[in-house]
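Examination of the molecular architecture
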There are 2 protein chains.
Amino acid sequence: MIKARRESLQVTQEALAELSSVGLRTIKQFESGKGNPTLHNLQKLTDVLGLEITLKVKSRSDNR
Amino acid sequence: MIKARRESLQVTQEALAELSSVGLRTIKQFESGKGNPTLHNLQKLTDVLGLEITLKVKSRSDNR
DNA sequence: TAAAATAGAGCATTATAGTGCACTTTGATG
DNA sequence: CATCAAAGTGCACTATAATGCTCTATTTTA
């Protein structure tokens, strides 16, 4: 998701690293599916990518 | 947010800890605003709480 | 195809998240 | 007030996320 967004914006991992102040190595791991990023780092990335992390109540069947 | 949701479900931190397999201490820190949880832990919590983490494209003013 | 740019991976180190334990604080109840 | 339950905090230790460096692989381009 992050990766797709980054690519659609035509930004390299390196550029993203600089813009977000998240280490390049970290972004690489993260994008290659090996990460368990902290919320903080995740937010730094989504912030630069113009994405928003939201929490929504999962609508369950018995919810209505 | 997590805290509010937990309370609205009338679940104690302790119960949440057990249900989610996240350490009680961790939940305490997290809820008292001192956390920088990993995505993994955050998901374990939201999962139990019936919440969903979503990423949406932030609509910017100059987007239209 | 050679060179350059971009992405992925191994290794080692540092910073910090996760956790348990014990104690304090706070709020509710008898 | 004494008691109890739920929440918050300090301390210490362990696990792992974050990071840099270097090298390899893949993709792009001349």
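Residues numbered from 1 in each chain as written. Chains lettered and ligands numbered in written order. Predicted model: local features only at pLDDT ≥ 70, side-chain atom pairs only at ≥ 80, totals over all residues. Heavy atoms only, no water.

On a plain count of helices and strands, chain A comes out with four helices and one strand. Listing the helices and strands of chain A from first to last along the sequence gives α-α-α-α-β. A globule of 64 residues ought to have a C-alpha radius of gyration of about 11 Å, yet chain A, at 14 Å, is considerably larger. When the backbone C-alpha atoms are referred to their principal axes, chain A occupies close to 45 × 20 × 20 Å. Residues classed as buried in chain A amount to 30% of the 64 residues present. Of the accessible surface of chain A, which amounts to about 4,200 Å², a share of 46% is contributed by carbon and sulfur atoms. Positive and negative charge centroids in chain A, built from 11 and 7 side chains respectively, lie 7 Å apart. (Helix = DSSP H or I, 4+ residues; strand = E, 2+ residues; numbered from the N terminus. Rg over C-alpha atoms; globule rule 2.2 N^0.38 Å. Buried < 20%, exposed > 50% of the residue type's maximum accessible area, 1.4 Å probe, protein only. Areas by Shrake-Rupley, 256 points an atom, 1.4 Å probe, with all protein chains shown as cover. Lys, Arg positive; Asp, Glu negative; His and termini not counted. Charge placed at Lys NZ, Arg CZ, Asp CG, Glu CD.)

Turning our attention to the relation of the copies chain B and chain A. The two chain copies are related to each other by a rotation about an axis together with a translation along it. Superposing chain B onto chain A takes a rotation of 180° plus a shift of 0.0 Å along the axis, which leaves an RMSD of 0.1 Å. In short, the pair behaves as if placed about a two-fold rotation axis. Distance from the rotation axis, computed per C-alpha, reaches its smallest value in chain B at Thr38 of chain B: 2.0 Å. Both copies share a contact surface, since 100% of the interface residues of chain B are interface residues in chain A too. (Least-squares fit on C-alpha atoms with pLDDT ≥ 70 in both. Contact = heavy atoms within 4.5 Å.)

A separate point is the protein's contact with DNA strand D. For DNA strand D, the set of nearby residues contains 18 residues, the closest of which are Thr26 and Gln29 of chain A together with Gln13, Arg25 and Lys34 of chain B. Atoms of DNA strand D within 4 Å of the protein: sugar and phosphate make up 61%, bases the balance. Contacts to DNA strand D include Thr38 of chain A, whose side-chain N or O atom sits 3.1 Å from a phosphate oxygen. Between DNA strand D and the protein, one listed contact pairs a phosphate oxygen with a side-chain N or O atom of Lys3 of chain B at 3.0 Å. If you list the elements that add at least two residues to the surface near DNA strand D, you get α3 (24–31) of chain A together with α1 (2–8) and α3 (24–31) of chain B. Of the residues in the surface near DNA strand D, the class split is two nonpolar, 10 polar and six charged. (Near = heavy atom within 4 Å. Polar contact = N/O pair within 3.5 Å; in protein donor to acceptor, adjacent residues only side chain to side chain. Nonpolar A, V, L, I, M, F, W, Y, C, P; charged D, E, K, R; others polar.)

A few words on the protein's contact with DNA strand C. Neighbouring DNA strand C are 19 residues, the closest being Gln13, Arg25 and Lys34 of chain A together with Gln29 and Asn41 of chain B. By atom count, sugar and phosphate contribute 62% of the portion of DNA strand C lying within 4 Å of the protein. Those elements that place two or more of their residues in the surface near DNA strand C are α1 (2–8) and α3 of chain A together with α3 of chain B. At four residues, the largest contribution of residues to the surface near DNA strand C is made by α3 of chain B. Looking at side-chain class alone, the surface near DNA strand C contains three nonpolar, 10 polar and six charged residues.

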